[in-house]
Amino acid sequence: MSKYWRNELLPSNSTLKVTTMKNHSLCPHLNIDDVEERFMETKLYRLIHRHDKLRRMNRPSLLDGDLNGQYCSDYNNKVKTQGIGFNEGRKI
């Protein structure tokens, strides 16, 4: 997740929020669930997903859970509502 997008999502009362940081120019305009689902439909994703020892490579990071078509938007929502910081609240 971009530091700019995370900052934009953080609640206004969060101690992690930087008020002087610029907003992210692309993320607010994306349907992140659609992007995630399209990624999951790729041949490479499906090929990796079939192999137990490689499957973790399909996660946003090794600390994250598996993609499910809503993983990214659920994580965005946790940042927005709970103000979680970098690498907190993973495995939704």
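Treat the numbers as computed from the prediction; the structure is a model and nothing was measured. Every chain's residues receive numbers from 1 upward, in the order its sequence appears when written. Only residues with pLDDT of at least 70 get local features here, since the model is predicted, and only at 80 or more are side-chain atom pairs given and counted; chain-wide, interface and lining totals rely on the full set of residues. Note that water and hydrogens are dropped before the side-chain values are worked out from all heavy atoms of the structure.

K.L.:
Just checking my understanding: could you explain helix H4 (residues 71–82) for this structure?
P.N.:
Given 3.6 residues to a turn, an α-helix orients residues that are three or four positions apart in the same direction. For H4, which comprises 12 residues, the first-to-last C-alpha distance of 16 Å matches the rise-based estimate of 16 Å (1.5 Å per residue) to within 8%. What H4 keeps buried is the set Tyr71, Tyr75, Asn76 and Val79. In an axial view of H4, the angular spread of the buried residues amounts to 140°, which keeps them on one side of the axis. Contacts made by the buried residues of H4 are with helix H1 (3–9) and helix H2 (32–40). Secondary structure elements are taken from DSSP: a helix is a run of H or I of four residues or more, a strand is a run of E of two residues or more, and numbering for both begins at the N terminus. What a helix is expected to span follows from its residue count: subtract one and scale by 1.5 Å. Only protein chains enter the accessibility calculation, which uses a 1.4 Å probe. A residue is then buried if its area is under 20% of the maximum for its type, exposed if over 50%, and partly exposed in between. In this context, the arc is that of the directions from the helix axis out to the C-beta atoms. Residues are treated as being in contact if the distance between any of their heavy atoms lies within 4.5 Å.

K.L.:
What is the right way to read the packing of aromatic side chains from this model?
P.N.:
Here the distance between the centres and the angle between the planes together describe a pair of aromatic rings. Under the pairing criterion, centres of Phe, Tyr and Trp rings, with the six-membered ring standing for Trp, must be within 6.5 Å; the plane angle then separates stacked pairs below 30 degrees from edge-to-face pairs above 60, leaving the rest tilted. Tallied over the full model, the rule gives one aromatic pair. Relative to Tyr45, the ring of Phe39 lies with its centre 5.3 Å away and its plane at 70°, an arrangement referred to as edge-to-face.

K.L.:
What is the right way to read the pattern of salt bridges from this model?
P.N.:
Close approach of charged atoms lets side chains of opposite charge pair. Whenever Lys or Arg places a side-chain nitrogen within 4 Å of a carboxyl oxygen from Asp or Glu, that contact is recorded as a salt bridge. On inspection of all chains with the given rule, the structure shows three salt bridges. For the salt bridge of Arg55 with Asp52, the shortest nitrogen-to-oxygen distance reads 3.1 Å. In this structure Arg55 comes out as partly exposed when scored by relative accessible area, which is 26%. Of the charged contacts, one joins Arg59 and Asp66 as a salt bridge, the two residues approaching to 3.0 Å between their closest N and O atoms.

K.L.:
Just to check I follow, could you spell out the state of the cysteines for this structure?
P.N.:
Covalent bonding between the sulfur atoms of two cysteines defines a disulfide. Any two cysteine sulfur atoms within 2.5 Å of one another count as a disulfide. Tallied over the entire structure, the rule returns zero disulfides. In this structure Cys27 is a free cysteine whose sulfur lies 10 Å from that of Cys72, the closest cysteine sulfur available. Accessibility expressed as a relative area gives 22% for Cys27, which makes it partly exposed. Residue class for Cys72 comes out partly exposed when judged on its relative accessible area of 22%.

K.L.:
Sorry, what's going on with the environment of Gly65 here?
P.N.:
Note that Gly65 resides in the loop between helix H3 (43–49) and H4. In the structure, Gly65 is positioned 28 residues away from Glu37 in sequence and 15 Å away in space, judged by C-alpha atoms.

K.L.:
Sorry, what's going on with the layout of surface pockets here?
P.N.:
Over the atoms rolls a probe the size of a water molecule, and in doing so it shows where empty space is left. Of the voids in this model, the largest pocket is the one considered here, and its volume is about 300 Å³. Definitions used throughout: a 1 Å grid over protein atoms alone; a cavity as a set of points that fits a 1.4 Å probe which cannot get out; a pocket as an open set with protein on both sides within 12 Å along at least five of seven lines; a lining residue as one with an atom within 4 Å of a point. For the largest pocket, the lining is made up of 14 residues, of which Met1, Trp5, Ile32, Cys72 and Asn76 are closest to its centre. Among the secondary structure elements, those contributing two or more residues to the lining of the largest pocket are H1 and H4. The element that contributes the greatest number of residues to the lining of the largest pocket is H4, accounting for four residues. For the lining of the largest pocket, the residue count by class is nine nonpolar, two polar and three charged. Grid points are joined across faces, edges and corners, and a volume is the space filled by probe spheres set on the points. Here the nonpolar group is Ala, Val, Leu, Ile, Met, Phe, Trp, Tyr, Cys and Pro; Asp, Glu, Lys and Arg are the charged ones; every other residue, Gly included, is treated as polar.

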